[in-house]
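This is what each chain is made of:
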Amino acid sequence: MDKKTEEQFKDVLPIALKDRMQRSFVEIINQMAQKSPLVLVFEDLHWADPSSLEILKLLMALPEKSPLLIVLVSRPMEHIKEWLSKSHLSPNVWINLDLSPLSNQDSAQLVENLLKIENLRANTKALILTKSEGNPFYLEELLRSLIDTGMVILEGDKVKAAQNIDQLEVPNSLQAIVASRIDRLPWRGKNTLQIASVIGRIFQEIVLNQILNEQSLQTEMSKILEELQKRELIRWKEDMEYIFKHAITHEVAYNSLLIAKRKNLHQTVAGIIETVFSDQLEELSPILSFHFLIAEKEEKAMQYLMMAAARAEGNYANIEALSFYQKAIKLIENKDGSTGKSDHKDQLLALYEKAGSIYSLLGSSKEAIETLDKAEALLEQKDKLSRARIVRKKGLAFNASRQMIQMFEKYKLAESILGRLPAIQDQNWVVEWLNLQLDLAWAHYFSAHVEELQKIIEKVKEIIEISGTLIQRNRFYETLFLADLRQYRYFNLPDSTIERLMLQLDTAKALGNRQRIGRAKVLLGFAYLWRNELELSQDWFFQGMDDAENVGDMDSLIIAKCYISINFRKIGDFDKTIFLVKSPWIWR
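Source: prediction; values computed, not measured.

**A word on unusual backbone geometry**
Point 1. A positive phi angle, near 60 degrees, is found at E232, a position not held by glycine.
Point 2. Non-glycine residue A448 carries a positive phi angle of around 60 degrees.
Point 3. The residue A448 is located in the loop between helix 21 (427-446) and helix 22 (450-467) in this model.
Point 4. A448 gets classed as partly exposed once you look at its relative accessible area, which sits at 43%.

This is the structure we're talking about:
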């Protein structure tokens, strides 16, 4: 991303950026389908990550209005069945096809279609059909195995069974057939296939080339890959990438390696990726963390797990971020034990805090509290500041699920843990105490506790002006505005309310944060509306909507749209009022 583009997107909220990227992708697909009928096939849906399923759900609305066929292929796994049931697919558009095993008659027909073997005895054919149990891939792989072993001979357009075919020992499983095919490869072919399996089901020629170069096999790579394609074990994908023809082929090739060799290869692959794609390390951090985890290189694995988690959080992919944090936690717990050694306690504490915060964002209060409990258990008794912060975050977790009684209990407990300001001025203590008071103030506003809200304001106003951060002061000025709304019940808001909102706007501008700037402008529009200064109200609403729409602040957009319609109703412009109420998007 160039500097100009980066500047345009720097204040866009992660959730808004994610939404815009998803909808843009869906619109591209829609436009492609409008130009010409389109077919999209998604294989191995059971391995899709949550973000992929999100965008797929948006795509699945298109066939109702566009010439688009979407084919989803998945193993019959419970989480996919549950996801499909929650997608509310129209039975008029979507058809569910459960693929049952082939019947003996269909299996025999498949054998005929694949290879018309002239002299295959009935008892041998019956054995093959019995062992296959109606699995078409089993039949395909077995017939290819017969070609590999010379038990089936290709003579021009004819296919004949060799004399020794009666000695055929049919493997009991599909994996056994694939394993036997791989074992019969020349050493160079088998070695290449195994190395490719460590890179992944999809593997890059440039990475494979580097490893083979270390083994002095680089010059033969093209011939080897051509032979593996000919045997239909792999196929070319695109842009110098190949893919194993089937996931089972990839699994069998990978599992045929000794564990020690696998570890070494994973480390080698990760090192090559770091070198070759050095400008894409953040993007490739999930893959790199996977390779270093298998290679048991804990420091490198942790480095890329944290990078992958931060990247996922930045893209508002909270479920994926949580998964990376959980892997990092497990890595430390497995290495040091569940309590963590002294040199890893701080790292484990930070991970528990991050995971607990994400659980709160996801509305999973129970899991958030359990995770934050683990963080608190790592703290020294004397570390009151960190303990208060974690207890406050437990309050935020209860707030996320609107468990107000438990929320207030945690906030009060955090307040008692913090105690009085230490004799020696401690800025960290002040920042945490102010964060707690501001969280408490919002809780009292939400619960309509006017007296308690005013007490907090009186308690913090001098300290926040002297020692508060810009963000805390910005939050405080909004808190003052909320207190005025409760006190004056929206009507006859005094000039001091406007002054406080202007201070909120000034601190937002000082922060350079367009979301907070838009928020302050929208609240100014709201305040002027209830002062009945309608022209000023409109002006601030429109300004705030521009900022809020740019960064994707839906909360401020909804407030602006709702109350600007009231503004138009007040001046008697009912056409604009009705248009605003009915329109799905922000109007300007």
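**Some points on helix 24 (residues 495-511)**
Point 1. The end-to-end C-alpha distance of helix 24 is 25 Å, a good match for the 24 Å that 17 residues give at a rise of 1.5 Å each.
Point 2. Turning to helix 24, its buried residues number three or more, namely T497, I498, L501, Q504, L505, T507 and A508.
Point 3. The secondary structure elements touched by the buried residues of helix 24 are helix 23 (470-488), helix 25 (514-530) and helix 26 (534-551).
Point 4. Taken from the residues just after helix 24, G512 is the one with a positive phi, measuring 70 degrees.

**Regarding the sheet that holds strand 6 (residues 234-236)**
Point 1. Spatially, the three strands line up as an open sheet ordered 5-7-6, and their pairing is antiparallel. Sheet topology places strand 5 (202-204) and strand 6 at the edges, where each strand pairs with a single neighbour. Averaged over all neighbouring strand pairs, the angle between strand axes comes to 30 degrees, with direction disregarded.
Point 2. As judged from the three bridges shared by strand 6 and strand 7 (residues 241-244), these two strands associate in the antiparallel manner. What sits directly across from I234, in strand 7, is F244.

**Quick look at the environment of F137**
Point 1. Looking at the element boundaries, F137 is found in helix 7 (residues 136-149).
Point 2. For the pair F137 and V198, spaced 61 residues apart in sequence, the C-alpha separation works out to 23 Å.
Point 3. The contacts of F137, once residues within four sequence positions are left out, are L174, H246, I248 and T249.

**A short note on the pattern of salt bridges**
Point 1. For the structure on display, the rule yields 37 salt bridges.
Point 2. Between K576 and D573 there is a salt bridge, with its nearest N and O atoms 3.7 Å apart.
Point 3. Beyond isolated ion pairs, a larger network of salt bridges with shared partners links E141, D148, R181, E227 and R231.

**A closer look at the environment of V12**
Point 1. Among the structural elements, V12 can be located in the loop between helix 1 (3-9) and helix 2 (14-35).
Point 2. Separated by 30 residues in the primary sequence, V12 and F42 have C-alpha atoms spaced 31 Å apart.
Point 3. Among all residues touching V12, those that are not within four sequence positions of it are L17, R20, N550 and V551.

**Focus: the packing of aromatic side chains**
Point 1. Per the stated rule, a full pass over the model turns up 10 aromatic pairs.
Point 2. For the ring pair F476 and Y477, a centre distance of 6.1 Å and an interplane angle of 55 degrees mean the geometry is tilted. Here the two residues F476 and Y477 agree in accessibility, since each one is buried.
Point 3. Here the aromatic cluster, defined as three or more aromatic residues joined through ring pairs, consists of F481, F526, W530 and Y563.
Point 4. Its end group placed over the ring of F446, R402 keeps NZ or CZ at 4.7 Å from the ring centre.

**Observations regarding a nonpolar patch on the surface**
Point 1. On the surface, V39, V41, L69, V71 and V73 cluster together into a nonpolar patch covering about 390 Å² of accessible area.
Point 2. At the level of elements, strand 1 (38-42) and strand 2 (68-72) are the ones that each hand at least two residues to the nonpolar patch.
Point 3. Structurally, V41 is set in strand 1.

**Observations regarding the side chain of Q194**
Point 1. Mapped onto the elements of the fold, Q194 is located in helix 9 (residues 187-199).
Point 2. Look at Q194 and you get buried, because its relative accessible area is 8%.
Point 3. For Q194, the side chain forms a polar contact with the side chain of S256, separated by 2.9 Å.
Point 4. When neighbours within four sequence positions are excluded, Q194 is seen to be in contact with A253, S256 and L257.

**Digging into the confidence of the model for the protein**
Point 1. In this model, the protein carries a mean pLDDT of 87, and residues with pLDDT of at least 70 account for 93%.
Point 2. Per-element confidence in the protein ranges from a low mean pLDDT of 64 for helix 1 to a high of 96 for helix 14 (residues 285-294).

**Side note on the environment of E283**
Point 1. Considering the arrangement of structural elements, one finds E283 in the loop between helix 13 (259-276) and helix 14.
Point 2. E283 sits 252 residues away from E535 along the chain, and the two C-alpha atoms are 48 Å apart.

**A few points about the packing of helix 13 against helix 14**
Point 1. At their nearest, the axes of helix 13 and helix 14 sit 7 Å apart, and the two run at 150 degrees to each other. As judged from the angle between their axes, helix 13 and helix 14 are roughly antiparallel. When the axes of helix 13 and helix 14 are compared, the crossing they make is left-handed. Note on element contacts: helix 14 touches helix 13 through I287, L288, F290, H291, F292 and I294, opposite K263, H266, V269, A270, I273 and E274.
Point 2. Of the residues that constitute the contact of helix 13 with helix 14, the class distribution is eight nonpolar, two polar and two charged.

**Observations regarding the packing of helix 18 (residues 365-377) against helix 19 (residues 384-400)**
Point 1. Packing of helix 18 against helix 19 brings their axes to within 9 Å, and their N-to-C directions diverge by 175 degrees. One element, helix 18, and the other, helix 19, form an angle in the roughly antiparallel class. Residue-level inspection shows S365, A368, I369, L372, D373, A375 and E376 of helix 18 in contact with helix 19, the latter providing R387, I390, V391, K393, K394, A397 and F398.
Point 2. Residues belonging to the contact of helix 18 with helix 19 are distributed by class as follows: eight nonpolar, one polar and five charged.

What counts and what doesn't
- Residues numbered from 1 in each chain as written.
- Predicted model: local features only at pLDDT ≥ 70, side-chain atom pairs only at ≥ 80, totals over all residues.
- Heavy atoms only, no water.
- Helix = DSSP H or I, 4+ residues; strand = E, 2+ residues; numbered from the N terminus.
- Buried < 20%, exposed > 50% of the residue type's maximum accessible area, 1.4 Å probe, protein only.
- Expected span 1.5 Å × (residues − 1).
- Contact = heavy atoms within 4.5 Å.
- Pairing = 2+ DSSP bridges.
- Axes fitted to C-alpha atoms, helices over the stretch in contact; angles between N-to-C directions.
- Salt bridge = Lys/Arg side-chain N within 4 Å of Asp/Glu carboxyl O.
- Phe/Tyr/Trp six-rings, centres within 6.5 Å; stacked < 30°, edge-to-face > 60°.
- Lys NZ or Arg CZ within 6 Å of the ring centre and 35° of its normal.
- Patch = residues over 30% accessible without salt bridge, like charges linked within 9 Å, V, L, I, M, F, W, Y side chains within 5 Å.
- Areas by Shrake-Rupley, 256 points an atom, 1.4 Å probe, with all protein chains shown as cover.
- Polar contact = N/O pair within 3.5 Å; in protein donor to acceptor, adjacent residues only side chain to side chain.
- pLDDT = per-residue confidence, 0-100.
- Parallel < 35°, antiparallel > 145°, perpendicular 65-115°, else oblique.
- Left-handed = near helix turned anticlockwise from the far one by under 90°.
- Nonpolar A, V, L, I, M, F, W, Y, C, P; charged D, E, K, R; others polar.

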